[in-house]
Amino acid sequence: MSITIKTGLMALALLGSTALTAVTAQAADKEISWIYCGDTIDPVHTKYIKQWEEKNTGWKVTPEVVGWAQCQDKATTLAAAGTPVAMAYVGSRTLKEFAQNDLIVPVPMTDDEKKSYYPHIVDTVTFEGNQWGVPIAFSTKALYWNKDLFKQAGLDPEKPPKTWAEEIEMAKTIKEKTGIPGFGLSAKTFDNTMHQFMHWVYTNNGAVTDAEGKVTLDSPQILAALKAYKDIVPYSEEGPTAYEQNEVRAIFLDGKVAMIQAGSGAASRLKETKIAWGITTLPLGPDAKGPGTLLITDSLAIFKGSGVEDKATEFAKFITSPDVQSEYELQGGAGLTPLRPSAKVEEFVAKDPYWKPLIEGINYGGPEPLFTDYKGFQNSIIEMIQSVVTGKAEPEAALKKAAGEIEAFK
């Protein structure tokens, strides 16, 4: 083989190598990496990822399934290191921190997009007048009661409590007449302990911060909620600090507690039991204006620096579009509440009335407060709750202490 031929082959080899590198780079540029929280990808999302890829030739969505306990931290670590994924499933409460650290890009909504959601949903992703994520999961709570235990205690099984006072009194009656806890109270060192308490805050017209971001935790409305928490402790399960909401739900499913606050997932599980149960809007505090609940959303955050921000935003809006979203959230078992009103939601409410109270609480509900140091805020609230539940502090003192602490986390 002549030197000329060898040289030509080497040139072709180099050209091929360069071309391969270019193709690989191009493929990478057309990939939307997605940190997907959970154990498996929901079949609905698998179905629509494929559909989107078919309509967007050359683009591929590559979800990486990461457990709930690690997924948010992984997305944060990669972004902080300068190697962000295109998109990640995150709790909307973290969006403010991401935005302030310049790790994500805004995802503005049109007026029509905003109007398509139930009230206050957009507030959960809004900071300084802009939206920073696309809501993908929504959760509200309602009150579930065990009709059999009500009947055993001499209470009308068809009349659940409408107010905190009735709820506490009924829990007391059930505990005294049957020996079974009247209410399932969550007070474990776990994020949903704060969530469970916030349902009481939003059923008494309370708020942790006002529209300007001023801390309003130390208010009569929230003090009343904390006092009610204290008052129901004697009629709850023993040692509430050992239980988070799913563990309390498991006790309810065993017929060992009379009332709990839970989402739609409890209804789908109760259908598999022999328990006679009911569901209604959460009982109201003295200052309530109407049925309320904490409005928790998870969102798709679009990370800065992936190079595919625009296309990732396009995909995020597709995978959360009304038809796709309703198919995903109305499965029941995941414990989700619909993000938007629709004819399909109306069909589900007509078929399964348990959806109604989960939706009715939205109008007077409120979002998770947005703090720069969300975990610091959360831990202060949990410590406040635990100090009252265990009798180590009175509600007034515990509330003042927590209000002072969270000023630093805004």
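The coordinates are above.
Below you will find a few notes about this structure. Each residue is numbered by its place in its chain's sequence as written, counting from 1. Where totals are concerned, whole chains, interfaces and linings use all residues; where local detail is concerned, this predicted model gives features only for residues with pLDDT of at least 70, and gives and counts side-chain atom pairs only at 80 or more. Excluding hydrogens and water, the side-chain values take into account all heavy atoms of the structure.

## Thoughts on the nonpolar core
Residues belong to a common nonpolar core when they are buried Ala, Val, Leu, Ile, Met, Phe, Trp, Tyr or Cys residues joined through side-chain atoms within 4.5 Å. Working definition: with a 1.4 Å probe on protein chains only, accessible area under 20% of the residue-type maximum means buried, over 50% means exposed, and in between means partly exposed. In this structure, Trp34, Tyr144, Leu300, Phe303 and Phe315 are the most contacted members of the largest nonpolar core, which totals 77 residues. The next biggest cluster of nonpolar side chains, apart from the first, holds 53 residues, and it includes Val233, Leu294, Ala398 and Ala403.

## Side note on helix H16 (residues 374-389)
Since there are 3.6 residues in each turn of an α-helix, residues three or four apart along the chain are aligned in direction. Between its terminal C-alpha atoms H16 stretches 23 Å, which fits the 22 Å expected from 16 residues at 1.5 Å a residue. Counting from the N terminus, the helices are the DSSP runs of H or I reaching at least four residues and the strands are the DSSP runs of E reaching at least two. Along H16, 13 of the 16 residues are buried, which leaves the element largely enclosed by surrounding structure. By this rule the span expected of a helix is its residue count minus one, scaled by 1.5 Å.

## A few points about the sheet that holds strand E9 (residues 277-280)
DSSP bridges decide pairing: two strands pair if at least two such bridges lie between them. A sheet is described by the order of its strands in space; here three strands give the open sequence E8-E7-E9, paired in antiparallel fashion. Both outer strands of the open sheet, strand E8 (259-262) and E9, are each paired with one neighbouring strand and no more. When strand polarity is set aside, the average angle formed by the axes of neighbouring strands in this sheet is 25 degrees. As defined by bridge partners, strand E7 (residues 142-146) adjoins E8 across four bridges and the pair is classed as antiparallel. Following the sheet pairing, Tyr144 is matched in E8 by Ile260. Sitting on the sheet, helix H10 (residues 245-253) is in contact with E7 and E8, with an inclination near 135 degrees to E8. Lines fitted to C-alpha atoms define the axes here, with helix axes fitted over just the stretch in contact, and angles between the N-to-C directions of these axes take values from 0 to 180 degrees. Contacts are residue-level and defined by heavy atoms, with any inter-residue pair within 4.5 Å sufficient.

## Details of the pairing of strand E2 (residues 60-66)
For a regular strand, side-chain orientation follows a simple rule: the groups alternate between the two sheet faces. Two elements, strand E1 (residues 31-37) and E2, share seven bridges in a ladder whose sense is parallel. When the bridges of E2 are listed, Glu31 appears paired with Lys60. Note on handedness: a clockwise path from strand one over the helix to strand two, with the strands aimed away from the viewer, defines a right-handed crossover. In this view, the connection linking E1 to its parallel neighbour E2 by way of helix H2 (residues 43-55) has right-handed handedness.

## Quick look at H10
Among the residues making up H10, those that are buried are Gln245, Val248, Arg249, Ile251 and Phe252. Within H10, the buried residues cover an arc of 155 degrees as seen down the axis, which keeps them to one side. Looking at the buried side of H10, the elements it contacts are E7, helix H8 (191-201), E8 and helix H11 (264-270). For H10, the side-chain oxygen to backbone nitrogen distance between the N-cap and Asn246 is 2.9 Å, and the N-cap itself is Glu244. Just past H10, the residue Gly255 takes up positive phi, approximately 75 degrees. Relevant arc is that of directions from the helix axis to the C-beta atoms, nothing else. As used in this structure description, the phrase polar contact means that two N or O atoms lie within 3.5 Å; if the pair is within protein, one of them must be able to donate a hydrogen and the other to accept it, and residues adjacent in sequence are counted only when both atoms belong to side chains.

## A short note on the pattern of salt bridges
Close approach of charged atoms allows side chains of opposite charge to pair. The working definition used for a salt bridge is a side-chain nitrogen of Lys or Arg within 4 Å of a carboxyl oxygen of Asp or Glu. This structure, assessed with the given rule, holds 17 salt bridges. Look at the salt bridges and you will find they share partners, linking Arg93, Asp191 and Glu368 into a network.

## Digging into unusual backbone geometry
Phi is positive for His120, close to 75 degrees, though the residue is something other than glycine. By the secondary structure assignment, His120 is in the loop between helix H5 (111-116) and strand E4 (126-127). Under the relative-accessibility criterion, His120 is labelled partly exposed at 29%. In this structure, Asn205 takes a positive phi of about 60 degrees despite not being glycine. Tracing the sequence through the fold places Asn205 in the loop between H8 and helix H9 (220-232).

## Thoughts on the side chain of Gln261
Inspection of the secondary structure puts Gln261 in strand E8. With relative accessibility at 7%, the residue Gln261 sits in the buried group. Here the side chain of Gln261 touches Gln196 through a polar contact of 2.8 Å, side chain to side chain. A polar side-chain atom of Gln261 sits 2.9 Å from a polar atom in the side chain of Trp200. Excluding its chain neighbours within four sequence positions, the residues that come into contact with Gln261 are Lys141, Ala142, Phe183, Gln196, His199, Trp200 and Leu282.

## Examining the packing of H16 against helix H17 (residues 395-406)
Viewed as axis vectors pointing N to C, H16 and H17 meet at an angle of 170 degrees, and their least axial separation amounts to 9 Å. As the angle between them shows, H16 and H17 are arranged roughly antiparallel. For the pair formed by H16 and H17, the contact residues are Phe377, Ser380, Glu383, Met384, Ser387 and Val388 on the first element and Pro395, Ala398, Leu399, Lys401, Ala402, Glu405 and Ile406 on the second. Across the contact of H16 with H17, the residue classes break down as eight nonpolar, two polar and three charged. In these notes the angle categories are as follows: under 35 degrees is roughly parallel, over 145 is roughly antiparallel, 65 to 115 is roughly perpendicular, and the rest is oblique. Residue polarity follows a fixed list, in which Ala, Val, Leu, Ile, Met, Phe, Trp, Tyr, Cys and Pro are nonpolar, Asp, Glu, Lys and Arg are charged, and the others, Gly among them, are polar.

## Looking at the environment of Ala75
Mapped onto the fold, Ala75 is located in helix H3 (residues 68-80). Given the relative accessible area of 1%, Ala75 is considered buried. Placed 25 residues apart in sequence, Ala75 and Lys50 show a C-alpha to C-alpha distance of 23 Å. Contact partners of Ala75, with chain neighbours within four places excluded, come to Ile35, Ala88 and Phe303.

## Description of the state of the cysteines
Note on terminology: pairs of cysteine sulfur atoms within 2.5 Å are recorded as disulfides. According to the stated counting rule, one finds one disulfide in the structure shown. A disulfide bridge connects Cys37 with Cys71, and the sulfur atoms are separated by 2.0 Å. Linking Cys37 and Cys71, the disulfide has an S-S dihedral of approximately 95 degrees and is accordingly described as right-handed. Highlighted residues: Cys37 in strand E1 and Cys71 in helix H3, separated in sequence by 34 residues. Judged by its relative accessible area of 2%, Cys71 is buried.

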